[in-house]
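Take a look at the letters that make up each chain.
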Amino acid sequence: NLIKNIDFPFDIKDVEKVIALYHLGTVQNGYRIGANTFPFIDLVGKVRTIQVKQFDESNHTTSTDFLHSMIEKHYLRKNKAIPHWIESYKDNETKVSCLFGEHLLSSHQKNPVALVEAPKTAVYCSLYFGLPEVESDLIWLAVYNLSSLNLNKCKELKGRKVYLFPDLSKDGKTYDLWSNKAKEIEKHLKGSKFHVSDLLEQLAPN
């Protein structure tokens, strides 16, 4: 889709770079064949969860899943015992417990951060606005969804300059929500500066 089907397609080399940057993957078989995998990797390189999403030719989401759930279904269909690690993992209160792209913070320690809602948006923005090559380049991270912006998710952004780009919403409710949350988060992260961009609010058509 990124190479052929969208309005402004990308060069294959750039797509390969962003795949490597975020460790993106593709489901090879089964009922989710062809779906994309978005791993949430923390600051020390541990995979916290893997979101699985299927898209149509316009890159609109058609279905969403998580890899641990798919593995569990596989064992149930085969009438096999579910692995212990999946049972333990399901006991976690929060499955998406770090930022998408958080692992980039350790390799780009001085770069400003751009924070968006969904992993797909972070991928798009990395391609359209450029991958991080020098210290002034933005690194694009995602919180997962609208309600996932919180202090615990953002704790690794301490000392960083962070630009937040909330999705558009009716009457700017999402912008207001993220603006209020950003102020509270900033208070608890010494040396951090959070700026919520109203660029979309100003420029996007109805």
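Preceding this section is the structure that the text describes.
Owing to the predicted nature of the structure, the values given are computational and were not obtained by experimental measurement.

A few points about the sheet that holds strand E3 (residues 47-55)
Within a beta sheet, neighbouring strands are joined by backbone hydrogen bonds and run either parallel or antiparallel to one another.
(1) Moving on: Taking strand neighbours across the sheet as the criterion, the four strands line up as E1-E2-E3-E4 in an open arrangement whose pairing is antiparallel. Edge positions in the open sheet fall to strand E1 (25-26) and strand E4 (61-66), since each of these has one partner strand only.
(2) Moving on: Note: E3 against E4, five bridges, orientation antiparallel. Counterpart to Gln54 in the pairing with E4 is Ser63.
(3) Moving on: Where helix H2 (residues 67-77) meets the sheet, it contacts E3 and E4, and its direction lies at approximately 75° from that of E4.

Considerations on the side chain of Gln51
(1) Moving on: Residue position: Gln51 is located in strand E3.
(2) Moving on: If we ignore the near neighbours within four places in the chain, the residues touching Gln51 are Asn36, Thr37, Phe38, Phe40, Thr64, Asp65, Phe66, Pro119 and Tyr144.

Brief notes about H2
(1) Moving on: The set of residues buried in H2 consists of His68, Ser69, Met70 and Glu72.
(2) Moving on: Those residues of H2 hidden inside the fold are in contact with E3, E4 and helix H3 (84-90).

Regarding the pattern of salt bridges
(1) Moving on: Enumeration according to the criterion identifies five salt bridges in this entry.
(2) Moving on: Ionic pairing is found between Lys187 and Glu184, a salt bridge with its closest N-O pair at 3.1 Å. Within this pair, Lys187 and its partner Glu184 are both found in helix H7 (residues 173-188), separated by three residues, close to a single helical turn.
(3) Moving on: By relative accessible area, Lys187 is classed as exposed at 62%.
(4) Moving on: Through salt bridges with shared partners, one network takes in Arg32, Asp65 and Lys73.

A look at the environment of Glu184
(1) Moving on: On the accessibility criterion, Glu184 (41% relative accessible area) is partly exposed.
(2) Moving on: Separated by 10 residues in sequence, Glu184 and Phe194 have C-alpha atoms that sit 9.9 Å apart.

Brief notes about a nonpolar patch on the surface
(1) Moving on: Among the surface-exposed residues, Phe8, Tyr128 and Phe129 lie close enough to one another that they form a single nonpolar patch of about 400 Å² accessible area.
(2) Moving on: Among the structural elements, Tyr128 can be located in helix H5 (residues 119-129).
(3) Moving on: Classification of Tyr128 by relative accessible area gives partly exposed; the value is 41%.

Quick look at the nonpolar core
One recurring pattern in soluble globular proteins: nonpolar side chains tend to sit buried together.
(1) Moving on: If you look at the biggest cluster of nonpolar residues, it comprises 43 residues, and the most contacted ones within it are Tyr22, Leu115, Leu157 and Leu164.
(2) Moving on: Counting residues per element, this core draws most heavily on H5, at five residues.
(3) Moving on: Residues in contact with Leu164, not counting those within four places in the same chain, are Leu115, Leu149, Trp178, Ala182, Phe194, His195, Val196 and Ser197.

Things to note about the packing of aromatic side chains
(1) Moving on: Going through the model one piece at a time under the given rule, you end up with 10 aromatic pairs.
(2) Moving on: With centroids separated by 5.6 Å and ring planes inclined at 65°, the aromatic side chains of Phe40 and Phe100 adopt a geometry described as edge-to-face. In this pair, Phe40 sits in strand E2 (residues 36-41) while Phe100 sits in the loop between H3 and helix H4 (104-107), placing the two residues 60 residues apart along the sequence. Across the pair, exposure class does not vary: Phe40 and Phe100 are buried alike.
(3) Moving on: Aromatic ring contacts, followed pair by pair, group Tyr22, Phe38, Phe40, Phe55, Phe66, Phe100 and Tyr144 into a single cluster.

Re the sheet that holds strand E5 (residues 113-116)
(1) Moving on: Within the open sheet, the four strands sit side by side as E6-E5-E7-E8. Their pairing is parallel. Each of the sheet's edge strands pairs with one partner strand only, and the pair in question is strand E6 (139-142) and strand E8 (193-196). Going from strand to strand, the sheet's axes swing by 25° on average, the running direction of each strand aside.
(2) Moving on: Here E5 pairs with strand E7 (residues 161-164) via three bridges, running parallel. The residue of E7 that forms the bridge with Ala114 is Tyr163.

Rules used in this analysis
- Residues numbered from 1 in each chain as written.
- Predicted model: local features only at pLDDT ≥ 70, side-chain atom pairs only at ≥ 80, totals over all residues.
- Heavy atoms only, no water.
- Pairing = 2+ DSSP bridges.
- Helix = DSSP H or I, 4+ residues; strand = E, 2+ residues; numbered from the N terminus.
- Contact = heavy atoms within 4.5 Å.
- Axes fitted to C-alpha atoms, helices over the stretch in contact; angles between N-to-C directions.
- Buried < 20%, exposed > 50% of the residue type's maximum accessible area, 1.4 Å probe, protein only.
- Salt bridge = Lys/Arg side-chain N within 4 Å of Asp/Glu carboxyl O.
- Patch = residues over 30% accessible without salt bridge, like charges linked within 9 Å, V, L, I, M, F, W, Y side chains within 5 Å.
- Areas by Shrake-Rupley, 256 points an atom, 1.4 Å probe, with all protein chains shown as cover.
- Core = buried A, V, L, I, M, F, W, Y, C linked by side-chain atoms within 4.5 Å.
- Phe/Tyr/Trp six-rings, centres within 6.5 Å; stacked < 30°, edge-to-face > 60°.

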